Every structure is written in structure tokens, then in C-alpha cells.
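# Fold and geometry: a report
Here's the letter readout for the chains.
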Amino acid sequence: MKRFVVDASVAAKLFLPESTEPYAAEAFELFDRWRRREVELLVPDHFWAEVATVLWKSARQTRLTPELAEAGIRKLRAQNLPATPCADLIEEALAIAFEYQRTVYDTLYVALAIQERAEMITADERLANALAARFPVKWIGLFSTI
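Let me sum up the structure you'll find in this document.

Once that is clear, we can look at helix H3 (residues 47–60). For H3, built from 14 residues, the straight-helix expectation of 20 Å at 1.5 Å per residue is met to within 8% by its first-to-last C-alpha distance of 20 Å. Among all positions in H3, only Phe47, Trp48, Val51, Leu55, Ser58 and Ala59 are buried. Along the axis of H3, the buried positions cluster into a sector of 105°, meaning they face one direction only. Packing partners of the buried residues in H3 comprise strand S1 (2–6), helix H1 (8–12), strand S2 (39–44), helix H4 (66–77), strand S3 (83–84) and helix H6 (104–116). A positive backbone phi angle near 60° is found at Thr62, which sits one or two residues after H3.

What follows covers the nonpolar core. In terms of nonpolar packing, the biggest core is built from 48 residues, with Leu30, Phe31, Leu41, Phe47, Leu76 and Leu81 touching the most fellow members. A per-element tally of this core places H6 first, with 6 residues. Contact partners of Phe47, with chain neighbours within four places excluded, come to Val6, Asp7, Ala8, Ala11, Leu76, Leu81 and Tyr109.

Scanning the entire structure with this criterion turns up 10 salt bridges. Between Arg36 and Glu29 there is a salt bridge whose closest N-O contact spans 3.4 Å. Judged by relative accessible area, which is 45%, Arg36 ranks as partly exposed. Two residues, Lys138 and Glu119, come together in a salt bridge whose shortest N-O distance is 4.0 Å. Linking Lys138 in strand S5 (residues 137–139) with Glu119 in strand S4 (residues 119–122), this pair joins segments that are 19 residues apart in sequence. Looking at Glu119, the relative accessible area reads 17%, which means it is buried. Overlapping salt bridges bring together Glu29, Arg33, Arg36 and Glu38 as one network.

Moving on, we come to the packing of aromatic side chains. The final tally for this structure, using the stated rule, is 3 aromatic pairs. Where Tyr100 meets Phe135, the ring centres are 5.1 Å apart and the plane angle is 80°; that geometry is what we call edge-to-face. Of this pair, Tyr100 sits in helix H5 (residues 90–100) while Phe135 sits in the loop between helix H7 (125–131) and S5, and the two are 35 residues apart along the sequence. Tyr100 sits in the partly exposed class, given a relative accessible area of 23%. Using a relative accessible area of 9% as the deciding quantity, one classes Phe135 as buried. The aromatic ring of Phe135 is capped on one face by Arg134, whose charged end is 5.0 Å from the ring centroid.

Below, the discussion takes up the sheet that holds S3. Within a beta sheet, neighbouring strands are joined by backbone hydrogen bonds and run either parallel or antiparallel to one another. Across the sheet, which stays open at both edges, the 5 strands sit in the order S3-S2-S1-S4-S5 with parallel pairing between neighbours. Two strands close off the open sheet at either side, each with one partner strand: S3 and S5. Sheet topology places S1 next to S2; 4 bridges connect them, and they run parallel. Paired with Phe4 across the strands is Leu41, a residue of S2. Strand contacts of helix H2 (residues 24–35): S1, S2 and S4, with the helix running at about 110° to S2, the strand carrying the most contacts.

Reading guide: rules and limits
Residues numbered from 1 in each chain as written. Predicted model: local features only at pLDDT ≥ 70, side-chain atom pairs only at ≥ 80, totals over all residues. Heavy atoms only, no water. Helix = DSSP H or I, 4+ residues; strand = E, 2+ residues; numbered from the N terminus. Expected span 1.5 Å × (residues − 1). Buried < 20%, exposed > 50% of the residue type's maximum accessible area, 1.4 Å probe, protein only. Arc of directions from axis to C-beta. Contact = heavy atoms within 4.5 Å. Core = buried A, V, L, I, M, F, W, Y, C linked by side-chain atoms within 4.5 Å. Salt bridge = Lys/Arg side-chain N within 4 Å of Asp/Glu carboxyl O. Phe/Tyr/Trp six-rings, centres within 6.5 Å; stacked < 30°, edge-to-face > 60°. Lys NZ or Arg CZ within 6 Å of the ring centre and 35° of its normal. Pairing = 2+ DSSP bridges. Axes fitted to C-alpha atoms, helices over the stretch in contact; angles between N-to-C directions.

Now the structure itself:
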């Protein structure tokens, strides 16, 4: 079974207005495939704080209501995504962050993908472009080919 590490930029697309979110359909498809047990999804445990922050910011910008943001995080948590503690990933994530000038928040996902022999899926095209040549990082815009 194909394994994917998904970052917060992908999960956020499930809750933000589709009209303003490119590649929301690909994010929905990825999570639908997970619910059908066609793929396995994994996240580092800081994923939850990152998704909640995106939803909080979106509510502050009136892209969605606080009630929808809270309902979104509850709905996502109810899906029981397997989460790996960041402490188990932090050394490799920090080394990648230094070498490739990326945030530790982002490289924790990369470290998990390496550890689990999975591919990381991100909606952050710049991150994917910066790391895809060296690491198993894929941009969600290419999801249909994954």
C-alpha cells in the first residue's frame, strides 16, 4: 500500500473555500483514498497545531467562521490520522533544515517521510521544488500522477 506523509497545507484545503483553494480537489481525493484504505496517511504530531493555525488565521481573515474552523479541526481529529512524535524526528529534521534552508516545521514532514519510506505531499510548491530532487517530496499539483 502506498504511504504518504501529508502536511498542513494539504489538510487545510479540506476546510477552506474551494473557490479560493487551488488543488482542493486533489486534497479531497487523497483523503478519500485514505478513507477507502487505498493509501496510508501519516503526520508528525505538530501537524495538528499547524492545521489549527491555518484555520485560525483563515477565520481572522473572514475566509471562514470560527465555528467552521472549530468544526473542521474536530472532523479532522475524528479521522484518527496516525501521528509520530516530533521528538522522534527532530534531529534529522534540524539537519535537513540547516542544509536546505527550510523551516524545521516543514522538515519534520520530510524526516517522517524518510523514516517511514513514504512520500510527502505538500501544497507548498516552493517547498516541493526546493526539496523534491533530494527527498521524497511531491507537490499536490502532481497528485494525479502519484
